Structure formats: C-alpha cells, structure tokens
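Examining the three-dimensional arrangement
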Amino acid sequence: MHHGALKKISNHRKYYSISLALKKFLSQSKISSISVRTEYVSLGEATDRILAKGILCPRDIPPFWRSTVDGFAILSSDTKSATRAHHVMLDVVGKISAGKKSPKRISSGKAIAIATGAKIPKGADSVIMIEDVIIEDKGKKIFIQHRTDKGSNISPKGNDLRKGQILLKEGTWLTAADIGLIASVGIPRINVYKKIQVAVLSTGSELAEPGSSLGNASIFDSNRFMLASIVRKQGGEPIDLGICKDEKSLIHARIMHALKFDVILISGGSSVGEKDYVPSLINEIGKPGIIVSGVAMKPGSPTSLGIVNGKPVIVLPGYPVSAFVALYTFGLPLFYKILNTNGPPVAKQIAKLASDVQLHKGMTTFIRVRILRRHGSFLAEPVSSTGASLLSTLAYSDGIVVAKYNSRGAQGDDKLQKGQDVEVILLRDVYRQGAQ
Ligand code: AMP
Ligand code: MG
C-alpha cells in the first residue's frame, strides 16, 4: 500500500494546499510545452494584449532639442547682467511654431519667439518664458530682468528615451501608458500573443439559459457568463460550449469537442455526488487525466485540475462564488504561464478588518469584503463568510481577502482579528464608486 501524504483515504478527500496544487498542475510538461502563437496588432487594438517580443527604442525621444514653454530662444550668456534695475534688451528676429524649423541662427543680442514643443534654433542654449519678459515695439524687442541659466526650459534630445534602450519587455501587459509610449517612438504595430481559446462549459440538469423560461426546479446558468467574462479580461478568448445535462454520454461528447481549444473550463459536477461525472470522464478520456482532486480552500474545495489529451482542464465547483474563486486561483496563473506574462496590474488595498473572521481549519479562506472609508482610513467589512451559492455576496463586495490557516504560527492564526491590517484584492475601484 502506498503511504504518501496525499493518498486518498476511503471516501475522504485529501486536499492539496493551493500552492502544491498549482505546482503539480503548472509543472506538467504538457502545460510548459503549449506554445502560443503571436500576431501583429495596431496600437488601437493593443489594450490588454501581451507583448510577445520586447521593444527596443528605435530613436531618441524627444527626437530634437525642444522648448518646454512658450517664450524666446536666446543665448544664456546675454542675460548675465540682467537685473530688475538693468534690463537686457534683445532683438526678436523671428518666430518658430511647433513643427517648424527656424532658418535663422541665434547670436548675441538676438532672440527668436518660440512655441512649446518647437525645435530650438541653432545657436540658442536656453528659452526664457514669455511671462518673464517685457515685450515692446510690437514684439520686435524684449527686455529681460533676470539671468537665465543655460538649458532653461529646454528638453534635450533623448531626454525621455534613448535610442537602443529597452522600451518594454516581452510579457508586458499593455496598459494605456505603455501604448502611448510605443506610439511616442513611432511604432504603429506590435507583436502580441494570440489570445488563448478557453472553452467554457456548464454542466447540470438543473441549469437553464438566461432568457428561457425557468422550470420550477431550475436555476439560470450564471457561471458560464461570469467565467467567460473573467477569461476575456485575463488574456483569453472564451469559447461558449453551452449547458450540458448531467448525462455521461452528453458530457463526454462536449469534452471531446472542447479538446479543440487551448484550455477547458467546466463548472459543476466536480464533486463526489452521484451525478458528478466530470472528473471520472476526464480520467477515461486521456492520461494523465485528473492530477489534483480537491484543494484546501474555502470556497472552492471541490476543484479538480487535470490534463486531458494534452489540454489543461479545470473542473470548477458549481457554486458560483466557488467557481469564481477557483478560476482566479488556478485559471489565472495557468493563462499567465501560457502567455508568458505576470498578468494585468492588480489593485490591492490595505484595510483594517471590521470584525473577527474565523478561518476554516486547514484551508485557505477567501473572505469577501466591502471597503468602507472611515476618518481617512479603510475598513474591510466581511460580507458573508458562508453562502458560496449566493452570487450577490460576491457581486456586492469590493474585494477579497485571502487568508491562510496556520495552526503552528502565532496566536490567532486560526482567526483574523478585528482591527488587524489585511490586504484586499480589489474587484472594483473603491475610490471611484465613492466608498464612504
Ligand atoms: P455541483 O458542483 O454540480 O454539485 O453544483 C453545486 C451547486 O452549484 C448546485 O446548487 C448547482 O445548482 C449550482 N450550479 C452548478 N452549475 C451552476 C451554474 N452554471 N450556474 C449557477 N449555479 C450552478
Ligand atoms: Mg451539478
């Protein structure tokens, strides 16, 4: 008999910790060998795409010395003796607007009117702001009453970015500023990873399509839409495989169809109930089949992870909150691994817990919280620690606190204490929605 720490004892599930489950799953050679294709997209389509190739800066930015203000390009040495009492007078010999070059050169005693962003004329070494001079003779003369340092109000060539420097690394999840940066160096199209195709299937004979009439023992399928929405935000293209009744042959057929795609998500039927066929079907279809069956997390413990015919499959619990948490916990790291990225930026907020929270023994507990603002600091108020079936508890929360159970550590580790600082992974922007 095998005496591994993870053996199954009769009907009791032996749960893997989240980290071990992830490690077992993501280290599968089938996952490491998935090679995602790349494509070129224009910058208009680049939001939330992932760079497949690092970008080197093709030129100095700014590409020329330019003025950062509206004013007059001058020689700083001309202003050496300028004071409030003794103004220095310069002749204005021309004008440069943005996008134009000056045919004239600055020499001592001369100034050229220059606009913000315009190229500094030859000979000039500084710009004096329009507000700092007295303009006379219909703009033909200026009087300067302060000394101006060399380089004032000039952005030198290459000041922002240097030709040849790494602009953005491979794997960068492109956000607005990145896309602006790429445009600023003149690159119109970029190489990004293709979105991975993620099949999303709901199983359950009780499930009805939103919009259809609801039988008296049915519920609407919410998971499929919620999971597809997460997939879309996280680098995938969801493929809708619909609802499947709890019938072995039907589920078998759907899984066979799902094998065409990169990743398979199946919700419902993940547990050990009589009609929970999904894990055993996966084992029948292909090796290695289910690798992880049950994870020490609440909600989400009846999650299974496997590889079937070379395709990663995540079997998510039917309860919507469980399915959500399980997809975040296992699906996102899987997508990011396939896509060679760390994922999109994640907003987190440190907050003080508003009440004690008992943790599930031996499990990682996911606590849905609302964020309240009290006297300039943030409070995390647990929404409901139970009710994985109640999607409203998730939809009406602002974020999630992930709490590890630790029986050996300091006191209180089986419990989070009111008033302690916790890190909340935000599901929405708590500033904009005006948390009070
Ligand atoms: P299961 O994991 O199949 O045992 O399902 C657990 C619970 O989640 C049951 O109450 C199901 O009715 C519910 N459930 C399963 N799939 C879905 C779904 N796609 N949308 C909403 N609820 C579901
Ligand atoms: Mg079911």
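Scroll up a little and you will see the structure.
Bear in mind that the values here come from a model prediction, so they are computed numbers and not experimental data. (Residues numbered from 1 in each chain as written. Chains lettered and ligands numbered in written order. Predicted model: local features only at pLDDT ≥ 70, side-chain atom pairs only at ≥ 80, totals over all residues. Heavy atoms only, no water.)

1. Quick word on the sheet that holds strand β8 (residues 133-136)
The six strands lie next to each other as β7-β4-β6-β5-β9-β8, forming an open sheet whose pairing is mixed. In this open sheet, the two edge strands, each paired with only one partner strand, are β7 (126-129) and β8. Strand-to-strand, the axes of this sheet are offset by a mean angle of 35°, without reference to chain direction. Relative to β7, strand β4 (residues 71-74) runs antiparallel, the two being bridged by four bridges. Residue pairing across strands places G71 opposite M129, the latter belonging to β7. (Pairing = 2+ DSSP bridges. Helix = DSSP H or I, 4+ residues; strand = E, 2+ residues; numbered from the N terminus. Axes fitted to C-alpha atoms, helices over the stretch in contact; angles between N-to-C directions.)

2. Some details on the layout of surface pockets
Of the volumes computed, that of the largest pocket is approximately 1200 Å³. For the largest pocket, the lining is made up of 34 residues, of which Q234, Y328, I425, L426 and L427 are closest to its centre. For the lining of the largest pocket, the elements supplying multiple residues, two or more each, are α1 (18-26), α4 (223-233), α7 (320-338), α8 (391-395), β26 (399-404) and β28 (421-426). With seven residues, the top contributor of residues to the lining of the largest pocket is α7. Per-class residue counts for the lining of the largest pocket are 24 nonpolar, four polar and six charged. Space inside the second largest pocket adds up to approximately 420 Å³. Lining the second largest pocket we find 23 residues, and of these E206, L207, I219, G318 and Y319 sit closest to its centre. Class assignment for the residues of the lining of the second largest pocket results in seven nonpolar, twelve polar and four charged. (1 Å grid on protein atoms, 1.4 Å probe; cavity = no way out; pocket = protein on both sides within 12 Å on 5 of 7 lines; lining within 4 Å. Points joined across faces, edges and corners; volume = space filled by probe spheres on them. Nonpolar A, V, L, I, M, F, W, Y, C, P; charged D, E, K, R; others polar.)

3. Some details on empty space enclosed by the protein
One pass over the structure, following the stated rule, counts one cavity of 30 Å³ or more. Quantified by volume, the largest cavity comes out at close to 40 Å³. For the largest cavity, the full set of lining residues is D48, R49, I50, Y193, K194, K195, G235 and L339. Of the residues in the lining of the largest cavity, the class split is three nonpolar, one polar and four charged.

4. Describing the packing of α1 against α7
The contact between α1 and α7 brings their axes to 11 Å, and the two run at 35°. For α1 against α7, the interelement crossing comes out right-handed. Between α1, through I18, A21, L22, F25 and L26, and α7, the contact on the second element is made entirely by T329, F330, P333, L334 and K337. Here the contact of α1 with α7 is built from residues that sort into eight nonpolar, one polar and one charged. (Left-handed = near helix turned anticlockwise from the far one by under 90°. Contact = heavy atoms within 4.5 Å.)

5. Quick look at the nonpolar core
Of all hydrophobic cores here, the largest spans 45 residues; its most connected members are L265, F330 and F335. For this core, the secondary-structure elements that each account for two or more residues are α1, β13 (196-203), α4, β17 (263-267), β18 (289-293), β20 (304-308), β21 (311-316) and α7. At twelve residues, α7 tops the list of elements feeding residues into this core. Once residues lying within four places of it in the same chain are set aside, the contact partners of L265 are V198, A199, V200, L201, V231, I314, L316 and L327. (Core = buried A, V, L, I, M, F, W, Y, C linked by side-chain atoms within 4.5 Å. Buried < 20%, exposed > 50% of the residue type's maximum accessible area, 1.4 Å probe, protein only.)

6. What about unusual backbone geometry?
In this model, I61 is joined to P62 through a cis peptide bond whose omega is -5°. Checked against the element boundaries, P62 lands in the loop between β2 (55-56) and β3 (66-67). For the peptide bond that leads from K287 to P288, omega is -5°, which places it in the cis range. Within the secondary structure, P288 sits in the loop between α6 (278-285) and β18. Of note, K138 is a non-glycine position whose phi angle comes to about 55°, a positive value.

7. Quick look at the pattern of salt bridges
Throughout the structure, instances matching the rule amount to eleven salt bridges. Residue D240 is joined to R224 by a salt bridge in which the shortest nitrogen-to-oxygen separation is 2.6 Å. Highlighted residues: D240 in strand β16 (residues 236-244) and R224 in helix α4, separated in sequence by 16 residues. The exposure class assigned to R224 is buried, which follows from its relative accessible area of 5%. Across the pair E284 and K248 runs a salt bridge whose closest N-O atoms are separated by 3.5 Å. Of this pair, E284 sits in helix α6 while K248 sits in helix α5 (residues 248-258), and the two are 36 residues apart along the sequence. According to the relative accessible area criterion, K248 is partly exposed, its value standing at 36%. (Salt bridge = Lys/Arg side-chain N within 4 Å of Asp/Glu carboxyl O.)

8. Some remarks on the packing of α5 against α6
For the pair α5 and α6, interaxial distance at closest approach is 10 Å and the crossing angle is 55°. Taken together, the axes of α5 and α6 lie oblique to each other. When you trace α5 past α6, the crossing you get is right-handed. Of α6, the residues touching α5 (which contributes K248, I251, H252, I255 and M256) are V278, L281, I282, E284 and I285. (Parallel < 35°, antiparallel > 145°, perpendicular 65-115°, else oblique.)

9. A closer look at the sheet that holds β13
Ordered in space as β16-β13-β17-β21-β20-β18, the six strands form an open sheet in which the pairing is mixed. One side of each edge strand has no neighbouring strand; the edge strands of this open sheet are β16 and β18. Here the strands of the sheet are splayed against their neighbours by 20° on average, with no regard to which way each runs. Pairing between β18 and β20: four bridges, direction antiparallel.

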